[in-house]
Amino acid sequence: NLGANINVKNSSNDLNAINTFYTNATDSTMVVDQRTQGKSRGNIYTSNLSYTEPISKIGSLQVSYSPSWNRYTSNQLTNKYDGATQSYSLLDPILSNNFLNNITTQSGGLSYRQKGKKYNFNVGANYQTVDLSSEQTFPLTLSVSKKFENILPTAMYQYTFDNKGNLRFFYRTSTNAPSVTQLQN
């Protein structure tokens, strides 16, 4: 099983606000007039390989391997309004940045399945490693590299009643890496 997903997003936001601050001593007013241009791109590639081996008339073992590769870029430029040029030409480096995020996930698992006349159950676990590598290149150069390891158990039980109704219980675990916007300043 192979999968690919590509997302591209372009955005433009204008903020024009008058903020008034009230304090005991004096009051002050601050005008904010800025434009933010953003562009982000995400490339996600996934695969899944599994093998099932019967070990009895009603039981089987399944071995699985699922790698994935995610690459995200996000560039955001915020400009303040310049009254002299009547344009948004004053770069605000505090609210601007370029960011790259790479996530590599490796997951391997083993599960046991048993199927009877009225029941079906499956128990298993996956061992998962996630390598997160992030780099900001503007306005400052910063980098982060983290590795996460998890054991993710799963379980399922299904019972079928005589009147063709059934009862199912699932227990699944998963992890989600932070998005590029959560990591970006």
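Summary of the structure given here. The model shown is predicted, which means the values in this text are computed figures rather than measured ones.

Reading the values: rules and limits
Residues numbered from 1 in each chain as written. Predicted model: local features only at pLDDT ≥ 70, side-chain atom pairs only at ≥ 80, totals over all residues. Heavy atoms only, no water. Helix = DSSP H or I, 4+ residues; strand = E, 2+ residues; numbered from the N terminus. Rg over C-alpha atoms; globule rule 2.2 N^0.38 Å. Buried < 20%, exposed > 50% of the residue type's maximum accessible area, 1.4 Å probe, protein only. Areas by Shrake-Rupley, 256 points an atom, 1.4 Å probe, with all protein chains shown as cover. Lys, Arg positive; Asp, Glu negative; His and termini not counted. Charge placed at Lys NZ, Arg CZ, Asp CG, Glu CD. Patch = residues over 30% accessible without salt bridge, like charges linked within 9 Å, V, L, I, M, F, W, Y side chains within 5 Å. Salt bridge = Lys/Arg side-chain N within 4 Å of Asp/Glu carboxyl O. Pairing = 2+ DSSP bridges. Phe/Tyr/Trp six-rings, centres within 6.5 Å; stacked < 30°, edge-to-face > 60°.

## So, the overall build of the protein chain
Helix and strand counts for the protein chain stand at 1 helix and 9 strands. The secondary structure elements of the protein chain, listed N-terminal to C-terminal, are β-β-β-β-β-β-β-β-β-α. At 26 Å, the protein chain has a C-alpha radius of gyration far larger than the 16 Å of a compact globule built from 185 residues. Taken along the three principal axes of its C-alpha coordinates, the protein chain extends 80 × 35 × 30 Å. By the burial criterion, 24% of the 185 residues in the protein chain qualify as buried. Accessible surface computed for the protein chain: about 12,900 Å², of which carbon and sulfur atoms make up 54%. Charge-centre separation for the protein chain: the mean point of 16 positive side chains lies 20 Å from the mean point of 10 negative side chains.

## What to know about a nonpolar patch on the surface
Where nonpolar side chains cluster on the molecular surface, the patch consists of I6, V8, Y45 and W69 and spans about 390 Å² of accessible area. Relative to the helices and strands, Y45 resides in strand 2 (residues 27-47).

## Points about the pattern of salt bridges
Within this structure, the stated rule accounts for 2 salt bridges. R35 is the salt-bridge partner of D14, the closest N and O atoms lying 2.6 Å from each other. Residue D14 is found in strand 1 (residues 2-22), and its partner R35 is found in strand 2; the two are separated by 21 residues along the sequence. With a shortest N-O distance of 2.1 Å, K118 and D162 are connected by a salt bridge. Pair noted here: K118 is in the loop between strand 6 (97-115) and strand 7 (119-138) and D162 is in the loop between strand 8 (142-160) and strand 9 (166-171), with a separation of 44 residues, a long-range link. Taking the relative accessible area as the measure of exposure, K118 reaches 32% and is therefore partly exposed.

## Regarding the pairing of strand 8
Across 18 bridges, the pairing between strand 7 and strand 8 is antiparallel. Among the inter-strand pairings, A125 is bridged to a residue of strand 8, identified as P153. The loop that links strand 7 with its antiparallel partner strand 8 comprises 3 residues. Here strand 8 runs beside strand 9; their pairing, made up of 6 bridges, is antiparallel. Its bridge partner lying in strand 9, Y159 is registered against L167. Here strand 8 folds back onto strand 9 in antiparallel fashion, the turn holding 5 residues, of which K164 has a positive phi close to 75°.

## Notes on the pairing of strand 2
Sheet analysis places strand 1 next to strand 2, joined by 21 bridges and oriented antiparallel. Residue pairing in the sheet places L15 in a bridge with Q34 of strand 2. Taken together, strand 1 and the strand that follows it, strand 2, pair antiparallel across an intervening segment of 4 residues. In this structure, strand 2 lies alongside strand 4 (residues 59-82), joined through 13 bridges in antiparallel fashion.

## As for the packing of aromatic side chains
Enumeration according to the criterion identifies 4 aromatic pairs in this entry. Ring geometry for Y81 and Y88: centres 5.2 Å apart, planes at 65°, overall edge-to-face. The exposure class assigned to Y81 is partly exposed, which follows from its relative accessible area of 33%. By relative accessible area, Y88 is classed as partly exposed at 23%. Relative to F161, the ring of Y159 lies with its centre 5.1 Å away and its plane at 75°, an arrangement referred to as edge-to-face. The structure contains a cluster of three or more aromatic residues connected by ring pairs, namely Y112, Y119 and F121.

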